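Observations on chain architecture
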Amino acid sequence: MLLHVLGTAAGGGVPQWNCACPGCSGARAHPTWRRRHASLAVQASDDRWYLINATPDIGDQIEDCPALRPLPVPVPVPVPVRGSVSGPRANSRRTPIAGLILTDAELDHTLGIARLREAGTDGLELLATGSVREALLTGLRLEAVLGPYTPLTWRELSQERSVPLTEDSTVTISAIPVSGKRPRYAVHLPGPEGDTWVVALLLTDRATGAKAVYAPALAAWPDVLQSAVAEADCVIVDGTFWDDEEPRRTGISTRTATGMGHLPIDGPGGTAERLATLRARCLYTHLNNTNPLVDPSAPQYKRLADQGIEVAGDGMVIQL
Ligand code: MLT
Ligand code: MN
Ligand code: ZN
């Protein structure tokens with residue numbers, strides 16, 4: 001299984017356009033601090049890839065990852081056509097991107113869908129839970145808005161059924177429901193209750209047995225998640241906030257990290273103590289710009305390293 005880390009920041013990115021906090025200012029001064037919105041590409045087969053979440057940075061994320069750039073145009077066989085100088089036209093719009101997988105309907109994970117409207121008649125395939133699909137259809141009116149540009153095809157992402165990414169892919173995917181936290185725009189929408197608003201993803205390569213869990217938003221750590229990570233080879237999880245008080249201390253919210261739907265990394269009940277017990281390679285992603293880990297020289301890196309935990313970086317390639 002091959003994973004490309006396309007971005008590792010929480011909503012807003014690092015730096016965020018309207019913020020001059022130490023993390024954002026640091027990122028303006030030191031380009032190596034910069035992080036794009038959290039996203040991952042997973043290889044389905046030779047030149048077919050799925051993007052996990054569609055961020056506002058999706059265009060740049062595709063362009064910066066050679067495996068995701070449009071495929072070379074096959075040399076057209078010249079066919080003389082009477083009265084015309086041109087033969088068959090090559091299709092130069094062949095993309096290795098087979099579709100999008102969504103972990104939730106939050107804006108930082110879905111705004112990029114509209115950015116791909118140039119898919120045109122090829123359409124876009126989206127794998128999502130019913131809750132996420134309904135939020136996008138009724139809350140963002142995604143199909144009504146994008147329909148005139150490109151058709152959307154939906155595939156159900158469920159806990160019960162693990163489905164191959166493409167027909168010939170050895171990699172299968174299933175959802176691990178983690179919370180009922182709705183995006184703010186969907187709070188009052190009708191729609192299913194339950195834990196399918198935010199899911200973690202379980203990717204399994206049937207050829208090698210390798211398993212990866214991707215969970216960029218974790219409001220809770222349910223037993224189903226614990227069972228999946230205990231078996232996984234690689235676990236990439238929500239590292240939005242270092243500690244529970246960070247959003248209040250930095251003045252970005254009146255709520256704690258947990259109250260904002262993100263388990264903190266550090267402290268009792270934090271995710272680090274859970275990750276430290278796993279045999280998997282563990283990495284944090286979806287870092288908010290207030291997180292001290294935005295500074296690569298932060299002492300918190302050593303704390304994590306001592307527990308065998310890494311922080312994912314943009315451009316990282318993970319082979320399992
Ligand atoms: C989140 O991760 O909690 C959301 O992206 C927050 C938001 O952008 O409103
Ligand atoms: Mn987010
Ligand atoms: Zn900031």
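Structure first, text after, so check above.
One structure accompanies this document, and this report is about it.

Cut-off values and rules
Each chain carries its own residue numbering, running from 1 in the written order of its sequence. To read the labels, note that chains go from A and ligands from 1, taken in the order they are written. Local features in a predicted model are, by the rule used here, given only for residues with pLDDT of at least 70; side-chain atom pairs are given and counted only at 80 or more, and totals for whole chains, interfaces and linings are based on all residues. Side-chain numbers come from the whole structure's heavy atoms, not from hydrogens or water. Water is not among the atoms examined, so metal sites may look incomplete; donors are the N, O and S atoms within 2.8 Å of the metal, or within 3.2 Å for Na, K and Ca. Under the scheme applied here, a residue whose accessible area is under 20% of the maximum for its type counts as buried, over 50% as exposed, and between as partly exposed, the area being computed with a 1.4 Å probe on protein chains only. Nearness is defined per residue: one heavy atom within 4 Å of the molecule or strand is enough. Polar contacts here mean pairs of N or O atoms no more than 3.5 Å apart (in protein, one a potential hydrogen donor and the other a potential acceptor; neighbouring residues in sequence count only if both atoms are side-chain atoms). For the area figures, the Shrake-Rupley method with a 1.4 Å probe applies, and any residue is considered shielded solely by the protein chains shown. Gly falls in the polar group here, along with every residue not listed as nonpolar (Ala, Val, Leu, Ile, Met, Phe, Trp, Tyr, Cys, Pro) or charged (Asp, Glu, Lys, Arg). Every helix listed is a DSSP run of H or I at least four residues long, and every strand listed is a run of E at least two residues long, numbered separately from the N terminus. In this description, one arc is meant: the one made by directions from the helix axis to the C-beta atoms. Contact definition: two residues touch when any of their heavy atoms are within 4.5 Å. Here, a salt bridge means any Lys or Arg side-chain nitrogen found within 4 Å of an Asp or Glu carboxyl oxygen. DSSP-based pairing: two strands are paired if at least 2 bridges between them are found. Angular values range over 0 to 180 degrees, each being the angle between N-to-C directions of two axes fitted as lines to C-alpha atoms, with helices fitted over their stretch in contact.

So, about the coordination of the zinc ion (ligand 3). Around the zinc ion (ligand 3), the protein contributes the donor atoms Cys-19 (SG), Cys-21 (SG) and Cys-24 (SG), at 2.2 to 2.3 Å from the metal centre. Donor residues for the zinc ion (ligand 3), ordered by position in the chain, follow C-x1-C-x2-C. Here the two residues Cys-19 and Cys-24 agree in accessibility, since each one is buried.

Our next topic: the site of ligand 1. Around ligand 1 lies a shell formed by Glu-106, Asp-108, Lys-181, Arg-184, His-262 and His-286. The contact in question runs from an oxygen atom of ligand 1 to an N or O atom on the side chain of His-262, over 2.7 Å. For ligand 1, the accessible surface in isolation is 270 Å², of which the surrounding protein chains cover 71%. By residue class, the composition of the shell around ligand 1 is no nonpolar, 2 polar and 4 charged.

Here we come to helix α7 (residues 223-231). Within the sequence span of α7, burial applies to Leu-225, Ala-228 and Val-229. End-on view of α7: buried residues confined to an arc of 95°, all on one side of the axis. Pointing more than 90 degrees away from the buried face of α7 are the exposed residues Asp-223 and Glu-231. Those residues of α7 that are buried lie in contact with β8 (171-179), β9 (198-205), β10 (211-215) and β11 (234-238).

Within the first shell, the manganese ion (ligand 2) binds the protein through Asp-108 (OD) and His-286 (NE2), at distances of 2.1 to 2.3 Å. Taken together, the positions of Asp-108 in helix α3 (residues 107-110) and His-286 in the loop between β12 (281-285) and α10 (300-306) put the pair 178 residues apart, joining distant regions of the chain. As far as the burial class goes, Asp-108 and His-286 line up, both buried.

This paragraph deals with the pattern of salt bridges. Applying the stated criterion across every chain, the model contains 10 salt bridges. Between Asp-243 and Arg-249 there is a salt bridge, with its nearest N and O atoms 2.9 Å apart. On the accessibility criterion, Asp-243 (17% relative accessible area) is buried.

Now for the pairing of strand β2 (residues 39-45). A regular strand places its side chains so that they alternate between the two faces of the sheet. Among the 7 residues of β2, 6 are classified as buried, and the element is accordingly described as predominantly covered. With 4 bridges connecting them, strand β1 (residues 2-7) and β2 associate as antiparallel partners. Looking at the pairing, Gly-7 lines up with Ser-39 of β2. Summarising the sheet, β2 and strand β3 (residues 48-52) pair through 5 bridges and their orientation is antiparallel. The residue of β3 that forms the bridge with Ser-45 is Arg-48. Linkage of β2 to β3, two consecutive antiparallel strands, is achieved through a turn of 2 residues.

Considered for burial, the residues of helix α5 (residues 130-139) that qualify are Gly-130, Ser-131, Val-132, Ala-135 and Leu-136. Close packing links the buried residues of α5 with α3, α4 (112-115), β5 (124-128), α6 (142-146) and β6 (152-156).

Looking now at the side chain of Ser-179. By the element assignment, Ser-179 lies in strand β8. In this structure, Ser-179 is in contact with Gly-194, Asp-195, Thr-196, Trp-197, Val-198 and Ala-219, ignoring residues within four places of it in sequence.

What follows is about unusual backbone geometry. Put simply, Val-14 and Pro-15 share a cis peptide bond, and its omega is 0°. Mapped onto the elements of the fold, Pro-15 is located in the loop between β1 and α1 (22-29). Positive phi outside glycine occurs at Asn-53, with the angle close to 70°. On the secondary structure map, Asn-53 appears in the loop between β3 and α2 (58-63). On the accessibility criterion, Asn-53 (1% relative accessible area) is buried.

Our focus in this paragraph is the environment of Asp-122. One can find Asp-122 in the loop between α4 and β5. The exposure class of Asp-122 is exposed, given its relative accessible area of 59%.

The strands that make up a sheet are held in pairs by hydrogen bonds between backbone atoms, and each pair lies either parallel or antiparallel. The strand order across the open sheet formed by 7 strands is β7-β8-β9-β10-β11-β12-β13, and the pairing between neighbours is mixed. Single-partner strands in this sheet number two, and they are β7 (163-164) and β13 (309-311). As defined by bridge partners, β8 adjoins β9 across 8 bridges and the pair is classed as antiparallel. Pairing of Pro-177 across the sheet is with Val-199, part of β9. Sheet contacts for α7: β8, β9, β10 and β11; angle to β8, the most-contacted strand, approximately 140°.

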